[in-house]
Every structure is written in structure tokens, then in C-alpha cells.
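Given next are the chains, with one letter for each unit.
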Amino acid sequence: MPDVFVNYRTGDEESAATMIARELARRFGDERIFFASNSIDPGRRFPAELVRAVEGCEALLAVIGPRWAEVRGTDGRPALEAEQDWTRREIQTALDRGILVIPVLVGKVTRIDRTVLPDDLLELADFQYRRFDHRNAESDLTTLGDTLARLLPELSRVDRDGRAARERTEAKSREKSAQDIGHIRMRTRDVEQRVRGGIGNLNGDLSGTFVNEPQGPVNTGRGHQYNAPHFEGDNTGVQFTAGDNSGTVHQRFERERRRSDDGR
């Protein structure tokens, strides 16, 4: 049985109803959407098929255009007033069975006029509706499809657009994760190369200096430094020398300081 029954009036907005049924069938599958001109096979009894479909559906879309209440029957009276009018009977059956009924207002229609409704359809005017305008057909059809997917779990399960959206989201998430991992690896490799080359990043943001096994003089402050070593100027920076220096820098510096004191 179809999940959605598309109800419309011949002579009002058949083109809008056709577009709605076609888009919903694309999104949820032909077997899920009932549209009389497409869903009833040749040789089938038209009245019986209509009743069976509307009684078995989960939701009925009442497509209502500007002439919905004005189209006249063979007797010259508004077709809506006739109890045997199929558009009226389909909606009445859905209401009697507690089936979800969603009015779809087309074009310039902004509301349903209660004064033109027969008594058995009066509550139709109270239902929350959706809009369809040919100028905004794509976005309006998407909104209508999203509404049905949210309200009917079975449609959500077979929703082609919903599945495609989830796949795009998952693909973007995987791509972002791969990029993040790549950035981490590049940063780690950069740090390793700096350490092997003699200068590393002690604080993670290059705010410190690490000198690994220097082969020549190292001075991180102002002035000159010699291999002896001899210090001049204001050596206010920070020096870290890796390797076995046997305390020679400190000892020679002490001897230099004593000579200076003795000479005063």
C-alpha cells in the first residue's frame, strides 16, 4: 500500500499535483506514492482502487489551488458541493479514519475559506499547511519531502535525498579527519627535523631554543663568545649545550673572574 495519497481536483492545479507526485516518487519510490493517473493500472476498477488506496495510506496531501472550490460539475453547481465528488470523498475518508491530512496551498491561495467547505470538511481549514509555488518549486518540494520524511518513519527509512545528505556529511567528516591527521604528522615531522638539525622547539611554539651538540661557538645573548670560552657583553640569553663539556666553561669562567678580582 502507498504511504502518501496525492489528492487534487481536475481543472484546478493538476500540473502542481503532478510535479508533487513525481518528485515524491523520485525521492521515496513509486510504490510509496499514490497518484490516480499513474497508480491505477488499466482494467482496474477506478472507485475501488481509490477507496483502497486512501484507506491504506499514512498521509493525504490535499492539493488546493485558486479554482479548487470553483470548478463546477455537470449540473453546473460547484463540484465540491456534491457528496459523490471524488476529491471531497477522498479527503472525507482520510478524516474519518484519522489519517494525517496536509493541505498544500498552490500559487496565490493563502488560506482555506471555511465558508465554501461542506460540513464534513470544515476541519480541513484548521490544519497546518504547506505551500507550493511554481516560482519556488524546487525549495517548496524539498520542504514538503522533508516534512513527510520527518512525520513518517517508513519514508525516512527509504529517503534517497536523506541518505545522500548523510553520505555527504560522512565524507566531509572523513576528509576533515584525514586533513587533521596530515597536519599533525607534518608538524611532528617538522619538529623532529629541527631537533635532528640541532635546533628544536622546547615550548611547542618556537618560544625557546634548544642547541644539540654544537660544533662551534654558541652565543644566545649580546656580545662575543669564544671557544676558550671568553664572554663579553651582556650574555642575558639562555644557552643549553648538549654533550660532554666536562664543566670547562664554568671552570674557565671562574678563573677569569678571580684574575679580575685580584687585579682590583
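These numbers were taken from a predicted model, which means no experiment stands behind them.

A. Region of the structure containing the overall build of the protein. Scanning the protein from terminus to terminus reveals eight helices and seven strands. Scored against the burial criterion, the 264 residues of the protein give a buried share of 34%. Sequence-distant contacts, at least 24 apart, represent 66% of the contacts inside the protein between residues at least 6 apart. On the protein, roughly 17000 Å² of surface is accessible, and the fraction owed to carbon and sulfur atoms is 47%.

B. Quick look at the pattern of salt bridges. What the rule picks out here adds up to 15 salt bridges. A salt bridge links Asp-85 to Arg-9; its shortest N-O distance comes to 2.7 Å. Here Asp-85, found in the loop between strand 3 (59-64) and helix 4 (86-96), pairs with Arg-9, found in the loop between strand 1 (4-7) and helix 1 (14-28); they are 76 residues apart in sequence, far enough to count as distant. Judged by relative accessible area, Arg-9 falls into the buried class, the value being 3%. Arg-27 is the partner of Asp-161 in a salt bridge, and the nearest nitrogen-oxygen pair spans 3.9 Å. Of this pair, Asp-161 sits in helix 7 (residues 160-197) while Arg-27 sits in helix 1, placing them 134 residues apart in sequence.

C. Representation of the packing of helix 1 against helix 5 (residues 137-151) within the structure. In contact at an axis separation of 10 Å, helix 1 and helix 5 are set at 55° when each is read in the N-to-C sense. Overall, the two elements helix 1 and helix 5 adopt an arrangement that is oblique. Where helix 1 crosses over helix 5, the two elements pack in a sense that is right-handed. When helix 1 is examined against helix 5, the residues Met-19, Ile-20, Glu-23, Leu-24, Arg-27 and Phe-28 are found in contact with a partner set consisting of Ala-137, Leu-141, Thr-142, Leu-144, Gly-145, Asp-146, Leu-148 and Ala-149. Its residues assigned to classes, the contact of helix 1 with helix 5 shows nine nonpolar, two polar and three charged.

D. Geometry of the packing of aromatic side chains. Across all of its chains, the model carries two aromatic pairs by this definition. Judged by centre distance (4.8 Å) and plane angle (15°), the ring pair of Phe-5 and Phe-34 falls under stacked. With a gap of 29 residues between them, Phe-5 in strand 1 and Phe-34 in strand 2 (residues 33-34) connect regions that are remote in the sequence. Residue Phe-5 is classed as buried on the basis of its relative accessible area, which comes to 1%. Residue class for Phe-34 comes out buried when judged on its relative accessible area of 5%. In this arrangement the basic side chain of Arg-89 is found over the ring face of Trp-86, its NZ or CZ atom lying 4.0 Å from the centre.

E. Broad picture of the sheet that holds strand 5 (residues 130-132). The strand order 2-1-3-4-5 describes an open sheet built from five strands, whose pairing is parallel. In the strand order of this sheet, the two ends are held by strand 2 and strand 5, each with one partner. Note that strand 4 (residues 100-106) and strand 5 share three bridges and pair parallel. By the bridge assignment, Val-104 is partnered in strand 5 with Arg-130. The sheet contacts of helix 1 involve strand 1, strand 2, strand 3, strand 4 and strand 5, and relative to strand 3 the element is tilted by about 150°. Sheet strands in contact with helix 5 are strand 1, strand 3, strand 4 and strand 5, and its direction is about 150° off that of strand 5.

F. The pairing of strand 3, seen in detail. Across the six residues of strand 3, six count as buried, placing the element largely inside the fold. Every second residue of strand 3 is oriented toward a common face, with Ala-59, Leu-61 and Val-63 on one face and Leu-60, Ala-62 and Ile-64 on the other, all of them buried. As paired elements, strand 3 and strand 4 share six bridges and run parallel to each other. The partner of Val-63 across the bridge, within strand 4, is Val-104. Considered for its hand, the β-α-β crossover made up of strand 3, helix 4 and strand 4 is right-handed.

G. Layout of the nonpolar core. Ranked by size, the top nonpolar core spans 27 residues in total, and within it Val-4, Ile-20, Leu-24, Leu-61, Phe-132 and Leu-148 carry the most contacts. Mapped by element, the contributors of at least two residues to this core are strand 1, helix 1, strand 3, strand 4, helix 5 and helix 6 (153-158). It is helix 1 that contributes the most residues to this core, seven residues altogether. Ignoring sequence-local partners within four residues, the contact set of Leu-148 consists of Val-4, Leu-24, Ala-59, Leu-61, Ile-102 and Leu-155. One finds Phe-5, Ile-40, Val-109 and Leu-124 within the second-largest nonpolar core, a separate group that totals 24 residues.

Conventions and cut-offs
- Residues numbered from 1 in each chain as written.
- Predicted model: local features only at pLDDT ≥ 70, side-chain atom pairs only at ≥ 80, totals over all residues.
- Heavy atoms only, no water.
- Helix = DSSP H or I, 4+ residues; strand = E, 2+ residues; numbered from the N terminus.
- Buried < 20%, exposed > 50% of the residue type's maximum accessible area, 1.4 Å probe, protein only.
- Contact = heavy atoms within 4.5 Å.
- Areas by Shrake-Rupley, 256 points an atom, 1.4 Å probe, with all protein chains shown as cover.
- Salt bridge = Lys/Arg side-chain N within 4 Å of Asp/Glu carboxyl O.
- Axes fitted to C-alpha atoms, helices over the stretch in contact; angles between N-to-C directions.
- Parallel < 35°, antiparallel > 145°, perpendicular 65-115°, else oblique.
- Left-handed = near helix turned anticlockwise from the far one by under 90°.
- Nonpolar A, V, L, I, M, F, W, Y, C, P; charged D, E, K, R; others polar.
- Phe/Tyr/Trp six-rings, centres within 6.5 Å; stacked < 30°, edge-to-face > 60°.
- Lys NZ or Arg CZ within 6 Å of the ring centre and 35° of its normal.
- Pairing = 2+ DSSP bridges.
- Right-handed = clockwise from strand over helix to strand, strands pointing away.
- Core = buried A, V, L, I, M, F, W, Y, C linked by side-chain atoms within 4.5 Å.

By themselves, these figures tell us nothing about what the structure is for.
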